[in-house]
Amino acid sequence: MHKFFLCGVIIHLIFLSSIFDIYFLSPIIRDLSPQKDLENPPAKRLVLFVADGLRAESFYRDGFNRTEYLGEIVMKQGIGGISHTRVPTESRPGHVALIAGIYEDPSAVTRGWKDNPVDFDSVFNRSRLTFSWGSPDILQIFVKGQEKGHIFTQSYTNSEVDFSGRNRTIWLDEWVFIRTKKFLLRNVTEELKKADKVIFFLHLLGLDTAGHVHKPNSRMFVKNLVAVDRGVREIVSLFENIFPDGKTSFIFTSDHGMSDRGAHGAGHHHETETPIVAWGAGVTKKTFWKPLESIEQADIAPLMAALIGVAPPVNNVGMLPIQFLNVSPDYAARALCSNALQILAQFNKVSGEFHAGKLSRYFRTFEKEQTIRDVSREIRRKIANEQYEKSLSMSHQVIKDCLQGIEFYQTYYQKLFLLTVSVAMIVWMIISFQELTSGHLEYVTRVIDCRVTVIYTILLAFTITFVILQQINFRLTVYLILPIILQFVTLKRWNYFNAIRFRTNIKFILLYAAGVELFVLAFFYRFTLAAILLIYCAIESVNQYRKGLPKMMLVKWIVSSGILSIFPSLPVIEKDANDFLLLFLGILLWLVHSLVSFLQAFMRRTDSRWELAHKYATMMLHVIVIINLLGSVKSINEGAGLHPLYQMVSWISLILALILPVLSSLEPEKRLWTLASSFSVPISIMSLSYEPIFFFVFSVNLITWFQMEFSSRPADITKNFLDRRDFIRMYIILLYIFVSFFGTGNFASISSFDPNWVRCLVTTFSPFLMATLIILKLMAPILLVVCVLRTIHMISKTEIRKLFIVILLICDVMGVNFFYLITNRGSWLEIGQSISHFVIIEVTVLVLLLLFFVTHPFTNLDLVTVLRNGRQLLPTTKRRKFQ
C-alpha cells in the first residue's frame with residue numbers, strides 16, 4: 001500500500017505540474033539585455049501613486065464628487081482612463097504588472113503571490129534612484145535582486161495594519177504622506193533636484209483596508225478616498241514647489257479593484273477595472289471632454305519608462321500608450337521603437353532556443369518570423385527619414401507579431417504533451433484498478449515477450465534521443481517518458497487484468513461513469529450537487545423503508561437532505577451575506593441540539609457522569625460563543641474595534657473546541673456528534689452569515705446517513721473485491737466533500753480573501769495566521785467527513801487501501817475531464833477557475849489521506865481513559881447496530 005500511494009503522490013504531482021508547463025509558461029525569459037536609455041526625455045522624475053484596492057467605479061462615480069482634485073486633473077490638466085488588470089487580482093500581481101510590465105508568473109502561486117521564484121526586471125531597476133514609502137509586503141518585492149543599491153524604502157510594520165475597525169484606515173495613507181513630506185522638506189539636495197531618471201513611489205494601502213473592513217460603498221471608504229485626494233493634492237503641490245523646473249510627471253492608479261462585499265482575487269469587473277490618471281511633464285493635456293482611455297495594466301510600465309527616458313523592463317509585455325504622451329513625434333517614435341525592440345529581444349530569445357534543436361529544420365516555424373526581423377530594421381530607417389506615423393504603425397505591428405510569436409514557440413509542443421500526459425493518466429487508472437483487485441484473485445504474472453521489451457526499449461531510446469537533439473528541459477522530458485514506463489508496468493499484470501475484466505458488472509460501471517460526470521458538471525453548475533443528493537435520498541429512502549429502518553431516522557434523513565440541497569445553489573462570493581441574525585440562528589441551533597442531547601441523557605440516565613459533564617461543557621461552550629459574538633459584533637460596529645477580552649474568549653473557545661473531542665464518549669455516533677458540535681465553533685467564530693446553519697444541517701444529514709449505513713447492514717468484512725457498497729459509500733463521501741466546498745466558502749475562489757472572517761481572532765495584518773484560520777474554518781466540514789470515513793473503516797474492517805483506491809479512481813476520471821477543460825483563453829475568471837478545478841481534484845485524495853491520519857485522535861483517542869488506565873483504547877471497533 002505504501003509503495004503504491006507513494007508512487008501515486010509522485011505521479012499526481014507530475015500531473016499537477018504539467019498544466020503549468022502545457023498551458024501556462026512563466027513570462028520571465030532569462031538572460032536578456034536592456035535597450036538603451038532614451039535621449040532628451042520630457043521628465044526628470046516621476047511620482048507614482050498607487051491607491052491599493054481602488055476600483056474605477058468608486059473613483060469616477062458621480063462626476064468626481066469624491067475626488068475633486070484628481071477629477072479636475074482629468075478634466076483640465078492631464079488624461080484619465082481605465083486600466084484593465086488580470087487575475088489573480090491581488091496586491092502583488094497588480095504591482096508587478098504596473099512596475100515590471102509582466103503579468104503574474106504561475107510559479108508564484110507556490111508562494112501565495114507574495115514572492116517570485118525567479119528575479120525579474122522593473123522600472124525601478126532601470127531608474128537612477130527610486131524612493132518608496134508604504135507596505136513592506138509590496139516595497140520588498142522590488143528591492144530583491146537589485147545590484148546598484150539605488151532603491152530606498154521606508155515602510156510601517158504588518159502589525160500596524162489593523163482590520164478590527166478600531167483605528168482609522170486613513171492612518172495608513174497619512175503615514176505615507178507624512179513620511180514623503182518629511183523627506184521632501186529635509187532630504188532633497190541640489191544634486192537630487194538636478195538628477196534625472198528618479199522615481200518616487202507612494203503605496204497607499206488605506207483604501208484596500210477600508211474596503212475589506214467597511215466595504216467600498218461605505219461612508220468610511222468615502223472618507224478615506226477624500227483623504228487620499230487631499231493628500232495627493234498636497235504632495236503634488238510640494239513637488240511643484242521643491243522642483244519648479246516643470247520636469248515632474250505624475251501617475252495615479254490602483255493595483256486592483258474590489259467587489260461590493262469587500263473582496264478581491266477573482267475576475268469581476270469591479271475587481272479588474274482600476275483608474276489611471278496621468279499629468280505633468282510629457283503627458284497629454286485634455287482641453288475638452290472625451291471618452292476615458294482604456295489600456296492594459298502592463299502598458300503603464302513602458303509609459304513610466306518613456307516619461308523619464310529609461311529602457312522598458314526586459315520582460316515587459318505592455319505596449320506604450322502613445323495617446324498618453326505629449327512629446328515630439330521623434331521622441332514618441334523612438335520610445336515606441338525601444339518598446340518594440342525590447343519585446344523583439346524576447347521573441348529572438350525563445351525563437352533561438354527553438355532553432356537550436358537539431359531537428360528544428362524539419363518542423364514548422366512561425367510564419368511571420370522573417371517579416372518581423374525585416375520590419376524591425378525598417379523602423380529605424382523610417383525614424384531617420386522622419387516618417388514617424390509609419391514608424392509608429394510598424395512598431396505597433398511588430399509588438400503584436402512578437403507577442404504572438406513568443407506564444408507560438410512557448411506552446412509549440414503543447415498538443416504533444418497533452419497527448420502523452422492524457423495517456424499517462426489513463427494508464428495510471430488501469431494500474432489503480434489492478435491494485436484494487438490484487439489479493440482477491442490469484443495473481444497472474446505475464447511473461448513479457450522479448451519483442452515487446454525490445455519495442456518499448458526502442459521507443460524509450462527514440463524519445464530520449466528526440467529530447468537531447470531538441471534540447472528539451474528535463475521537466476518536459478518526464479511527460480514524454482512517463483506514459484512509456486507506466487504502459488510497460490501494466491504489461492506484467494495484463495493477463496491478470498484480462499481475467500477479472502469479464503466479471504465486472506457493465507451496468508454498474510456505466511452508472512459509475514455517469515455519476516462521475518455529474519460530479520464534473522457540479523463544478524460548473526452547483527445545483528447539480530443538490531440534484532445528486534435528492535436523487536440518492538429518494539432511492540435510499542425507498543430501500544431503507546423496505547428494510548424497516550426506524551421512521552424517525554428516515555424522516556430526519558429526508559428532511560435534512562431536502563434542506564441541505566438548498567445550500568449548493570446559494571451565492572457564495574457575489575453577495576455580501578453579512579447577516580448577523582442568520583449567524584445567531586445557526587449557533588442557536590447547535591446550542592439547542594446540545595441542550596436536548598444533555599436533557600435526554602440526564603432523563604434516561606444512559607450516560608455516565610463524565611459523559612454528562614462533557615455534554616454540559618459542550619452546551620456551555622456554545623452559550624459562551626453566542627454571548628462573545630454579540631459583544632464582538634457590537635464593539636466592532638460601534639467603531640471601538642475588538643475588545644481584548646472578546647478576542648481572548650474567542651481564542652479560548654477555539655482551543656476548547658479542539659480539545660473537547662478527545663474527551664468525548666466512546667460510542668461512534670456519540671463521538672461523531674461531539675466532533676460536529678466542536679467543529680461548529682470555528683465556523684461560528686469566523687462566519688459572516690449562514691455557515692453555522694449549513695454546518696448544522698450538513699452534520700445532521702451526514703451522521704444520519706452513517707447511522708443508516710450500519711443500522712440495517714452487518715458490519716462484516718467485505719469479501720468481494722468489487723463490492724458495489726464500497727463504491728457507493730465512497731461516492732457519497734465525495735458528494736459530502738464537494739457539498740462542503742460550497743457550504744462554508746468556495747475553495748475554487750479562495751483567492752477572494754476577506755480578512756473580516758478572522759476579525760474575532762486577529763485584528764492586525766498577519767497573512768500566514770489569517771490564512772491558517774480561514775483554512776481551518778473551510779476544512780471543518782471536510783474533517784467531519786473524514787472522521788465518518790475513518791469510523792466506517794473501523795466498523796466494517798474494510799481495507800483502507802481499498803477505500804482510498806476507489807476514491808482515487810473517481811477523482812482520476814474527473815481529473816482527465818478537467819485536464820481538457822483547462823483554458824488559457826477567454827475571461828481571466830474562467831482561466832482561474834479551470835486551474836482550481838483540476839488542482840482540487842488532483843489533491844483531493846492526498847488531502848483526504850493526510851486528514852485520515854490527522855483525525856486519528858478525534859476518532860480513536862479517549863484522553864480520560866488513557867489517563868486513567870495508561871493505555872489507548874480503540875472502542876469504535878466494536879460492532880453494534882444503531883437504533
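Residues numbered from 1 in each chain as written. Predicted model: local features only at pLDDT ≥ 70, side-chain atom pairs only at ≥ 80, totals over all residues. Heavy atoms only, no water.

**Brief notes about the overall build of the chain**
Within the chain one finds 33 helices and eight strands. A buried classification covers 58% of the 883 residues belonging to the chain. Accessible area for the chain stands at about 37,400 Å²; split by element, carbon and sulfur atoms hold 61% of it. (Helix = DSSP H or I, 4+ residues; strand = E, 2+ residues; numbered from the N terminus. Buried < 20%, exposed > 50% of the residue type's maximum accessible area, 1.4 Å probe, protein only. Areas by Shrake-Rupley, 256 points an atom, 1.4 Å probe, with all protein chains shown as cover.)

**Some remarks on the sheet that holds strand β7 (residues 273-280)**
Strand pairing in a sheet relies on backbone hydrogen bonds. The paired strands run either parallel or antiparallel. If you trace the eight strands from one edge of the open sheet to the other, you get β4-β3-β5-β1-β6-β7-β2-β8, paired in mixed fashion. Whereas interior strands pair on both sides, the edge strands pair on one side only; in this sheet they are β4 (151-155) and β8 (293-296). Geometrically, the sheet is characterised by an average inter-axis angle of 20 degrees between neighbouring strands, direction not taken into account. Strands in contact with helix α10 (residues 219-242) are β1 (45-51), β5 (198-204), β6 (248-253) and β7; relative to β6, the strand with the most contacts, it is inclined by about 170 degrees. (Pairing = 2+ DSSP bridges. Axes fitted to C-alpha atoms, helices over the stretch in contact; angles between N-to-C directions. Contact = heavy atoms within 4.5 Å.)

**Regarding the pairing of β6**
Among the six residues in β6, six count as buried, and that is most of the element. Burial along β6 is two-sided: T248, F250 and F252 and S249, I251 and T253, pointing in opposite directions, are all buried. In this sheet, β6 lies alongside β1 in parallel orientation, the contact comprising six bridges. For V50, the partnering residue across the bridge sits in β6 and is T253.

**Structural notes on the nonpolar core**
One finds F519, W705, F738 and M814 to be the most contacted residues of the largest nonpolar core, which totals 191 residues. Element by element, the count of residues in this core is highest for helix α30 (residues 800-821), at 14 residues. Ignoring sequence-local partners within four residues, the contact set of F738 consists of F519, F523, L529, M814 and I841. Judged by nonpolar contacts, the second largest core, of 45 residues, contains A51, L184, V232 and V277. (Core = buried A, V, L, I, M, F, W, Y, C linked by side-chain atoms within 4.5 Å.)

**Notes on the pattern of salt bridges**
On inspection of all chains with the given rule, the structure shows 16 salt bridges. E190 is the salt-bridge partner of K193, the closest N and O atoms lying 3.6 Å from each other. Here K193 pairs with E190, and both are found in helix α8 (residues 190-194), just three residues apart, close to one helical turn. What makes K193 partly exposed here is its relative accessible area of 28%. The class for E190 is exposed, based on a relative accessible area of 51%. Close ionic contact of E369 with R373 constitutes a salt bridge, the shortest N to O distance being 3.1 Å. Linking E369 with R373, this pair stays in helix α14 (residues 369-384), spanning four residues, or about one helical turn. Within the structure, one salt-bridge network assembled from shared partners comprises R55, E57, R61 and D260. (Salt bridge = Lys/Arg side-chain N within 4 Å of Asp/Glu carboxyl O.)

**Describing the side chain of E842**
Tracing the chain through its elements places E842 in helix α31 (residues 828-854). Once you skip the residues sitting within four places of it in the chain, E842 turns out to touch H12, F15, L16 and G815.

**A few points about unusual backbone geometry**
Notably, D31 is not glycine yet its phi reads approximately 55 degrees, a positive angle. Residue position: D31 is located in the loop between α1 (2-22) and β1. Phi angles above zero are rare outside glycine, and Q471 is one such case at about 55 degrees. Note on Q471: relative accessible area 52%, which makes it exposed.

**Side note on the packing of aromatic side chains**
Counted according to the given criterion, the structure contains 50 aromatic pairs. Summarising the aromatic geometry, the rings of F354 and Y409 are spaced 5.0 Å apart at their centres and angled 40 degrees between planes, so their arrangement reads as tilted. Within this pair, whereas F354 is found in helix α13 (residues 329-355), its partner Y409 is found in helix α15 (residues 388-410), the two being separated by 55 residues in sequence. Residue class for Y409 comes out buried when judged on its relative accessible area of 7%. (Phe/Tyr/Trp six-rings, centres within 6.5 Å; stacked < 30°, edge-to-face > 60°.)

**Some details on the confidence of the model for the chain**
Overall, the prediction assigns the chain a mean pLDDT of 80, with 80% of residues at 70 or greater. Low confidence marks residues 499-503, where pLDDT is under 50. Its contacts with residues over four positions away, or in another chain, come to five contacts. Contacts from residues 870-883, a stretch scored under 50 in pLDDT, to residues over four places away or in other chains number 35 contacts. (pLDDT = per-residue confidence, 0-100.)

**Looking at helix α12 (residues 300-308)**
Across the nine residues that make up α12, a large majority, nine, are buried. Directly after α12, the chain includes G309, whose backbone phi takes a positive value near 80 degrees.

**Looking at the environment of F466**
Locating F466 in the fold gives a position in helix α17 (residues 450-470). Taking the C-alpha atoms as reference, F466 lies 9.1 Å from K358; in sequence the two are 108 residues apart. Excluding its chain neighbours within four sequence positions, the residues that come into contact with F466 are L359, F363, Y413, I472 and L480.

**Brief notes about the pairing of strand β3 (residues 129-134)**
Summarising burial for β3: five of the six residues are buried, a large majority. With five bridges connecting them, β3 and β5 associate as parallel partners. Among the inter-strand pairings, W133 is bridged to a residue of β5, identified as L202. Looking at chain direction, β3 and β4 are connected through five bridges and run parallel. Directly across from F131, in β4, lies its bridge partner F152.

**Comments concerning helix α7 (residues 170-186)**
Taking 1.5 Å as the rise per residue, α7 with 17 residues should run 24 Å; its terminal C-alpha atoms sit 24 Å apart, in good agreement. All of the buried residues in α7 are I170, L172, D173, W175, V176, F177, T180, F183 and L184. Buried residues along α7 sit in contact with β3, β4, α8, β5, α9 (206-214) and α10. (Expected span 1.5 Å × (residues − 1).)

**Structural notes on the packing of α7 against α10**
The N-to-C vectors of α7 and α10 enclose an angle of 5 degrees; their axes lie 10 Å apart at closest approach. The pairing of α7 with α10 is recorded here as roughly parallel in orientation. In contact with I170, D173, F177, T180, K181, L184 and L185 of α7, α10 contributes K223, N224, A227, V228, G231, V232, E234, I235, L238, F239 and I242. Of the residues that constitute the contact of α7 with α10, the class distribution is 11 nonpolar, three polar and four charged. (Parallel < 35°, antiparallel > 145°, perpendicular 65-115°, else oblique. Nonpolar A, V, L, I, M, F, W, Y, C, P; charged D, E, K, R; others polar.)

**Re the packing of helix α20 (residues 506-522) against helix α21 (residues 527-546)**
One way to put it is that α20 packs onto α21 with a least axis distance of 7 Å and a crossing angle of 145 degrees. Remark: the crossing between α20 and α21 carries left-handed chirality. Of the residues in α21, those touching α20 at L518, F519, L521 and A522 are T528, L529 and I532. Each residue belonging to the contact of α20 with α21 can be placed in one class, and the counts come to six nonpolar, one polar and no charged. (Left-handed = near helix turned anticlockwise from the far one by under 90°.)

**Remarks on a nonpolar patch on the surface**
A surface patch of nonpolar side chains, amounting to about 580 Å² of accessible area, comprises L518, L521, F524, Y525, F527 and L821. Note on L821: relative accessible area 41%, which makes it partly exposed. (Patch = residues over 30% accessible without salt bridge, like charges linked within 9 Å, V, L, I, M, F, W, Y side chains within 5 Å.)

**A look at the environment of D196**
Within the secondary structure, D196 sits in the loop between α8 and β5. When the C-alpha positions of D196 and K44 are compared, they lie 4.2 Å apart, and in sequence the two are 152 residues distant. Excluding residues that lie within four positions of it along the chain, D196 makes contacts with K44 and R128. A distance of 3.4 Å separates the side chain of D196 from the side chain of K197, its partner in a polar contact. (Polar contact = N/O pair within 3.5 Å; in protein donor to acceptor, adjacent residues only side chain to side chain.)

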